[in-house]
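# Reading the structure
Now for the letters of each chain:
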Amino acid sequence: WAFVAMTVLLSVSPGPDDVLVLRSSLRGGPRLGLATVAGVAVGTLAWGVAAAVGLAAVVGRSTPVYDALSLAGAGYLVLLGVVPLVAELRGRPGRPGADPVPLPASRGGAGRAFAAGLASDLLSPKIGLFYLAVVPQFVPEGASALQYSLLLCAVDVGIAVIWLAGLTWLAHVAVTWLRRPAVVRWTQRVVS
């Protein structure tokens with residue numbers, strides 16, 4: 001239960017996955033939000049499996065590999081924020097086909113939303129290091145380290161999926177409520 005409590009706290013702490021899921025949800029509704037959640041889940045599961053079989057240890061011990069992945073991940077997150085800003089400054093909305101990174105579009109784009117979530121987590125070596133550093137502490141003595149590590153990874157991913165799906169739903173509800181004519185009129189009166 002201590003592991004569950006810890007993963008709940010980590011999941012509800014704001015981070016790049018939350019921002020990415022909210023962005024997808026606001027741009028394309030629950031469909032794109034959930035596609036991003038699926039990409040995040042697959043990326044995290046990949047790190048969990050890599051940690052369980054020892055591949056993440058190689059990344060953790062090799063400073064150049066870790067630094068390269070960290071820089072790629074940071075660059076990817078910067079591009080996710082900069083591309084829409086540049087498009088806005090140029091006075092034209094970014095076209096889904098013109099984005100240099102997999103950004104979700106307002107119509108369609110579930111594959112792009114999935115790819116954005118997947119890339120965000122695959123390019124974050126901190127996830128693998130978390131599994132390497134924390135999960136072994138929760139493996140009971142005498143239990144199969146591989147099987148128990150995979151089980152704990154699945155628990156972590158399950159909790160994260162529940163949280164991120166909840167954010168998707170909250171974003172949808174908030175947008176629906178804010179678009180109601182009475183709310184729009186009230187907002188315009190207050191802001192004017």
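Refer to the preceding data block for the structure.
The text that follows walks through the structure, step by step, so that each part is easy to find. (Residues numbered from 1 in each chain as written. Predicted model: local features only at pLDDT ≥ 70, side-chain atom pairs only at ≥ 80, totals over all residues. Heavy atoms only, no water.)

This part covers the overall build of the chain. Each helix and strand in the chain was counted, giving 8 helices and 0 strands. Mapped in sequence order, the helices and strands of the chain form the string α-α-α-α-α-α-α-α. When contacts within the chain are restricted to residue pairs at least 6 apart in sequence, those whose partners lie at least 24 apart make up 75%. For the chain, the exposed area adds up to about 11000 Å²; of that, 70% sits on carbon and sulfur atoms. (Helix = DSSP H or I, 4+ residues; strand = E, 2+ residues; numbered from the N terminus. Contact = heavy atoms within 4.5 Å. Areas by Shrake-Rupley, 256 points an atom, 1.4 Å probe, with all protein chains shown as cover.)

On to the packing of helix 1 (residues 2-12) against helix 7 (residues 145-178). Contact geometry for helix 1 and helix 7: axes closest at 9 Å, N-to-C directions at 40°. As the angle between them shows, helix 1 and helix 7 are arranged oblique. Crossing of helix 1 against helix 7: the hand is right-handed. Contacts between helix 1 and helix 7 involve Phe3, Val4, Thr7, Val8, Ser11 and Val12 from the former and Leu152, Val155, Asp156, Ile159, Ala160 and Trp163 from the latter. (Axes fitted to C-alpha atoms, helices over the stretch in contact; angles between N-to-C directions. Parallel < 35°, antiparallel > 145°, perpendicular 65-115°, else oblique. Left-handed = near helix turned anticlockwise from the far one by under 90°.)

The next point concerns the side chain of Asp121. Mapped onto the secondary structure, Asp121 falls in helix 5 (residues 110-122). Of the residues examined, Asp121 reaches a relative accessible area of 2% and is grouped as buried. Every residue in contact with Asp121, bar those within four places of it in the chain, is listed here: Asp17, Val40, Gly43, Thr44, Trp47 and Ile127. (Buried < 20%, exposed > 50% of the residue type's maximum accessible area, 1.4 Å probe, protein only.)

Mapping Leu167 onto the fold places it in helix 7. The exposure class assigned to Leu167 is buried, which follows from its relative accessible area of 12%. Taking the C-alpha atoms as reference points, Leu167 and Val37, 130 residues apart in sequence, are found 9.8 Å from one another. Those residues in contact with Leu167, other than ones at most four positions away along the chain, are Asp18 and Leu22.

Nonpolar side chains collect at one region of the surface, where Val49, Val53, Leu146 and Leu150 lie side by side and expose about 310 Å² of accessible area between them. Inspection of the secondary structure puts Leu146 in helix 7. The exposure class of Leu146 is partly exposed, given its relative accessible area of 40%. (Patch = residues over 30% accessible without salt bridge, like charges linked within 9 Å, V, L, I, M, F, W, Y side chains within 5 Å. Salt bridge = Lys/Arg side-chain N within 4 Å of Asp/Glu carboxyl O.)

All right, on to the side chain of Thr44 then. Looking at the secondary structure, you find Thr44 in helix 2 (residues 16-53). At 2.5 Å, the side chain of Thr44 forms a polar contact with the side chain of Asp121. The contact partners of Thr44, leaving out residues within four places of it in the chain, are Asp121, Ile127, Tyr131, Cys153, Asp156 and Val157. (Polar contact = N/O pair within 3.5 Å; in protein donor to acceptor, adjacent residues only side chain to side chain.)

Put simply, helix 2 and helix 6 (residues 125-134) touch, their axes get as near as 9 Å, and they point 45° apart. It follows from the interaxial angle that helix 2 and helix 6 lie oblique. Relative to helix 6, the crossing made by helix 2 is right-handed. Here Thr44, Trp47, Gly48 and Ala51 of helix 2 lie close against helix 6, whose contacting residues are Pro125, Ile127, Gly128, Tyr131 and Leu132. Of the residues belonging to the contact of helix 2 with helix 6, the class tally is 6 nonpolar, 3 polar and no charged. (Nonpolar A, V, L, I, M, F, W, Y, C, P; charged D, E, K, R; others polar.)

Attention now moves to the nonpolar core. Residues Tyr131, Val135 and Val157 are the most contacted members of the largest nonpolar core, which totals 13 residues. If you tally residues by element for this core, the top one is helix 6, at 4 residues. Formed by 5 residues, the second largest nonpolar core is a distinct cluster that contains Val21, Val40, Leu164 and Leu167. (Core = buried A, V, L, I, M, F, W, Y, C linked by side-chain atoms within 4.5 Å.)

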